[in-house]
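Geometric and topological summary
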Amino acid sequence: MIKWKYVMVRLAILVLFLTTIHYGSGPVLSWALTSTTEWLTGSKLEIDQLKASPFQTHLTVGRVALTSPGNPMENLLEFSNGYLRLDRNALFRKKVIITEGRLNEIRLGATRQVPSEVGEIPAPKPVESRLLNDRLEGMGEKIVGGMTSFLTKRFDENFETVRFSKEMMDRWRGEYQVLMGQAKKAEQRVREIRNLSLALRENPLNTLRDLPRIEQAVRDSQTIKVDLNQIKQALRRHRVQMAKDRGEIVSTKNRDLQRIREIQVSGKLNGQTLSQLMVGKIHGRRVDQAIGWIRWLRTHFPHPEKSLETLRDRGQTIRFPGIIEEPDFLVRNLSLGGYAEIDERSFEFTGALVGLTTQPRRYGKPTYLHLQSTGDIGFNLKGMVDRTGDINRDRIIFHIPALQIAEQTVDVDQRVGLRIGKTRLEIRGRIELAGEQLTGKVTTVQTGVSMEMLSALDGRMASDFIGTVNGELASLRKFETTAHLSGSLDRPSWKLSSDLGPQLAEVFNGTLAEVYASKKNLLRSKLNHQTEEVISELGNLLQAKETLLVEFLQTHGQEVLQLNERIGALMERTGLRFR
Amino acid sequence: MFLFLYRMFRLLLAAIRGSDSPQQIAFGVALGLVIGLIPKDSLFAYLFCLFVFATSVNLLAASLSTLFFSWLGSFLDPISHQIGLFVLSLESLESTWIWLYQQPIIPWTRFNNTVVLGSLVVGLILLFPVYLSAKIIYLKCAPGVSRWLIRFWIYRQLLGRRKMAEFVGVEP
């Protein structure tokens, strides 16, 4: 006979026990996952709801948030819900193997409403990579500064010809002034003699009375003759001297021309330096971000030395020879979907996580992560974490084919800037970390570029330069920048190379050379013009003054002779003689 | 509703109290020893629990014994480890272990852990001696202890009216 009382009681206890396991598995697993994850990654894990049961082969999980170490207001990763299917046969063998699963609405780097308790978790060191081109730092500004100061420089006052010609003109004017003075004095005396002669002709009786004056007039006429001869000789000398002076002006002009020819740009812009100046900081941020990703992989993905087995300190678990074991925990394939942000632009992505395990050496294969965007921003990221060998290896390969970049202005100098309009940016990168050795490169290609040089420089040469440069920049539609990474994870360094700097340098140097040539031509023509003007003025001066003086000499020379003869004749008629 | 709950509580007490023959109590203590010694992350511990529930052993004795030997077991780990290591290292058994390890469910027992297997071996070896010892001790000490315990309300509730009547020699 069945003892129902006995059976019912034990059945009730069994049902109670199984119900507890069924409903208690979720909270227990949630606690286990939380504590294990926090121990492995150093971040806090928050699980809102986890449904699990030993009588089912799947897990469903509600909102999960993994906090950012060191930043209580940010979640490193969170997702709204997830579904994980477990391998039943593996469970019978005490292996938790997730054959497939899906995490939905993943958000990377989401802001938290409530700060997390991360007080004991040290904040990760920010990535500060070292640019190997740093020795060139400041050179760009210096050279561009030289260029801008040159563009605003004034040359006109420095012509020797102008100064010399001015002096020459002043001197010659003085010389002729002296001659004209002498001529005027002679003319005055001639006029006096003429008046005396007329007075004597009208009244010859006065001859006796004016005899001393007549005598003086005769002497004066002799002196005038001498003076006129001197003026004539001076004119002859001046003609010779002026020809020499003209030659001297031409020599001075030639020296000035030589100086103009010798004018050169103080230093040519270096393309590499200019690249660093233009894109160094922006590219540096991208490189640091990419290094930050690989550092995250290295820091948070499990190490063989930090496996779950070390948690058990009771006894020793014997591994039997010949058994190829699967890891105790393995995610074969986990589909991912969510949102992320690049360059402050949000995009939707899907992806997969393959081969995630706590015992990578036992699994023997690396963990792969593949993310790709489904929205406007094309994005593809492939990550690999290899902890199977003696050397830990991490690799990320990413490609963002078309990222729209907003307009930006780069200050080249305090007074010169470069406006880069909206462009399309393609980013490609491959970074590898073998042990502590970092290698790789990050390349960006910007297409559809429209550049304009902005300037607060005064002066015609500067405005000519800016105008020409902007004309040349219109043809610059694409540039590529590459960062070659080296060093270690703690001391990453990179070397920048870009064709932007060389292209800009070519434009700047070419335009500067053109502006220089144009300026030199202008200076040359100005000099020639000024010299010709001076020489012509000198010629005119010579001609005008010489004409005047020659005419004067001819007129007054003859008049003096005539007056002399007239006075002589008068003296003969009156019978008077000079002593 | 209250009556139903009260009856359920009484049934639970009866189940915990179980049968109280010297054999059943002694067997409860012996099974509690095995369960107590084996680490609780091994399926062996739960299989023995199931066995305790499936048989009419005294659950109270088994529970108290489990608690006591769980505490004692942590001090016996070094000995269990040595015994487990010895057994697992026996070449003659290696193929058996490998075969067992490859079977479903068996890995949950963690038999390949030295402390688990050592504790199991120690528990199984001590099962019968503990059973005999517990039986002898119970027969000698039970009347005196029961007289002392009956002064406590909780013991009286656990004992039940029928047993109380039997104890004081009155028909219920």
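All residue numbers refer to positions counted from 1 along the written sequence of the respective chain. The naming scheme follows written order: chains are lettered A onward, ligands numbered 1 onward. Reporting of local features is limited, given that this is a predicted model, to residues whose pLDDT is at least 70; pairs of side-chain atoms are given and counted only at 80 or more, and all residues count toward the totals for whole chains, interfaces and linings. Water and hydrogen atoms were dropped before computing side-chain values, which therefore reflect all heavy atoms in the structure.

Looking at the overall build of chain B
Quick note on the threshold: Strands are runs of DSSP state E lasting at least two residues, helices are runs of H or I lasting at least four, and both sets are numbered from the N terminus onward. Relative accessibility decides the category of a residue: with a 1.4 Å probe and only protein chains considered, values under 20% of the type maximum give buried, values over 50% give exposed, and everything between is partly exposed. Any pair of residues with heavy atoms lying within 4.5 Å of one another is described as a contacting pair. To measure how exposed things are, a 1.4 Å probe is used in the Shrake-Rupley method; for residues, cover is taken only from the protein chains shown.
For chain B, the helix and strand inventory stands at 8 helices and 0 strands. Ordered by position from the N terminus, the helices and strands of chain B form the series α-α-α-α-α-α-α-α. Counting the 172 residues in chain B, one finds 39% classified as buried. Within chain B, counting contacts between residues at least 6 apart in sequence, those at least 24 apart form 72% of the total. Carbon and sulfur atoms make up 73% of the accessible area of chain B, which totals about 10000 Å².

Focus on the interface of chain B and chain A
When the parts of a complex come together, some accessible area is lost, and that lost area is often taken as the interface size. The criterion, for reference: Simply put, the buried area is the total loss of 1.4 Å probe accessible area from both parts when two parts are fitted together. Only one rule defines a salt bridge in this text: a Lys or Arg side-chain nitrogen within 4 Å of an Asp or Glu carboxyl oxygen. Polar contact is defined as a pair of N or O atoms within 3.5 Å, subject to the rule that within protein one atom must be able to donate a hydrogen and the other to accept it, and that residues adjacent in sequence are counted only when both atoms are side-chain atoms.
On the side of chain A, 22 residues touch chain B, which itself brings 35 residues to the contact. At the boundary of chain B with chain A, total buried surface from both sides reaches about 2500 Å², with 64% on carbon and sulfur atoms. Of all residues in chain B, B:Phe53, B:Tyr101 and B:Trp108 bury the most surface against chain A, accounting for 21% of the area lost on that side. At the junction of chain B with chain A, the criterion picks out 0 salt bridges. One can count 3 residue pairs in polar contact (both at pLDDT 80 or more) joining chain B with chain A.

Considerations on the sheet that holds strand S14 (residues 408-411) of chain A
Residue and element names in this part refer to chain A. The condition is simple: When DSSP finds two or more bridges between two strands, those strands count as paired. Axis definition: a line fit to C-alpha positions, over the contact stretch in the case of helices; interaxial angles, taken between N-to-C directions, run 0 to 180 degrees.
Spatial strand order, S14-S15-S18: 3 strands in an open sheet with antiparallel pairing. Looking along the sheet, the strands with just one partner apiece sit at the ends: S14 and strand S18 (451-455). Each adjacent strand pair in this sheet contributes to an overall mean axis angle of 25°, direction not counted. Across 5 bridges, strand S15 (residues 416-420) lies against S18 in antiparallel orientation. By the bridge assignment for S18, Ile 420 is matched with Met 451. Set on the sheet, helix H9 (residues 460-473) makes contact with S15 and S18; between it and S18 the angle comes to about 165°.

Here we look at the nonpolar core
All names here are of chain A. What counts is decided by this rule: Only buried residues count toward a nonpolar core. Its members are Ala, Val, Leu, Ile, Met, Phe, Trp, Tyr and Cys residues joined through side-chain atoms within 4.5 Å.
If you look at the biggest cluster of nonpolar residues, it comprises 84 residues, and the most contacted ones within it are Ile 431, Met 451, Met 453, Leu 473, Leu 485 and Leu 504. Of the residues forming this core, the biggest block, 10 residues, is contributed by helix H10 (residues 500-574). Among the nonpolar cores identified, the runner-up in size contains 34 residues, and Met 180, Val 190, Leu 228 and Leu 541 belong to it.

Details of the packing of aromatic side chains
Rules: Only centres within 6.5 Å qualify two rings of Phe, Tyr or Trp (six-membered ring in Trp) as a pair; their planes then separate them into stacked at under 30 degrees, edge-to-face at over 60, and tilted for everything else.
For the coordinates displayed, the defined rule picks out 12 aromatic pairs over all chains. Ring centres of A:Phe320 and B:Tyr101 lie 5.9 Å apart, and the angle between their planes is 70°; this geometry places the pair in the edge-to-face category. Here A:Phe320 is found in the loop between helix H7 (271-300) and strand S9 (329-342), whereas its partner B:Tyr101 is found in helix H5 (residues 91-101) on a different chain. For B:Tyr101, a relative accessible area of 10% puts it in the buried group. Relative to B:Phe75, the ring of B:Trp71 has its centre 5.4 Å away and its plane inclined at 80°; by these criteria the two rings are edge-to-face.

Looking at the packing of helix H2 (residues 22-37) of chain B against helix H4 (residues 59-88) of chain B
All names here are of chain B. To keep it simple, the criterion reads: Crossings are assigned a handedness: left-handed for a near helix turned anticlockwise from the far helix by less than a right angle, right-handed for a clockwise turn. As a working rule, the residues Ala, Val, Leu, Ile, Met, Phe, Trp, Tyr, Cys and Pro are called nonpolar, Asp, Glu, Lys and Arg charged, and the rest polar, with Gly in that last group.
One can describe the packing of H2 onto H4 by two numbers: an axis separation of 7 Å at closest approach and a directional angle of 35°. Here H2 runs over H4; the crossing is right-handed. Within the contact between the two elements, H2 uses Ile 25, Gly 28, Val 29, Gly 32, Leu 33, Ile 35, Gly 36 and Leu 37 and H4 uses Ala 61, Ala 62, Ser 65, Thr 66, Phe 69, Ser 70, Gly 73 and Leu 76. For the contact of H2 with H4, the residue count by class is 9 nonpolar, 7 polar and no charged.

Observations regarding the environment of A:His238
Residue and element names in this part refer to chain A. Its place among the elements puts His 238 in helix H6 (residues 211-262). With 308 residues separating them in the primary sequence, His 238 and Glu 546 have C-alpha atoms 9.6 Å apart. Once residues within four sequence positions are removed from consideration, His 238 is found in contact with Trp 172, Glu 175, Tyr 176 and Leu 179. A distance of 3.2 Å separates polar atoms of two side chains, one belonging to His 238 and the other to Glu 175.

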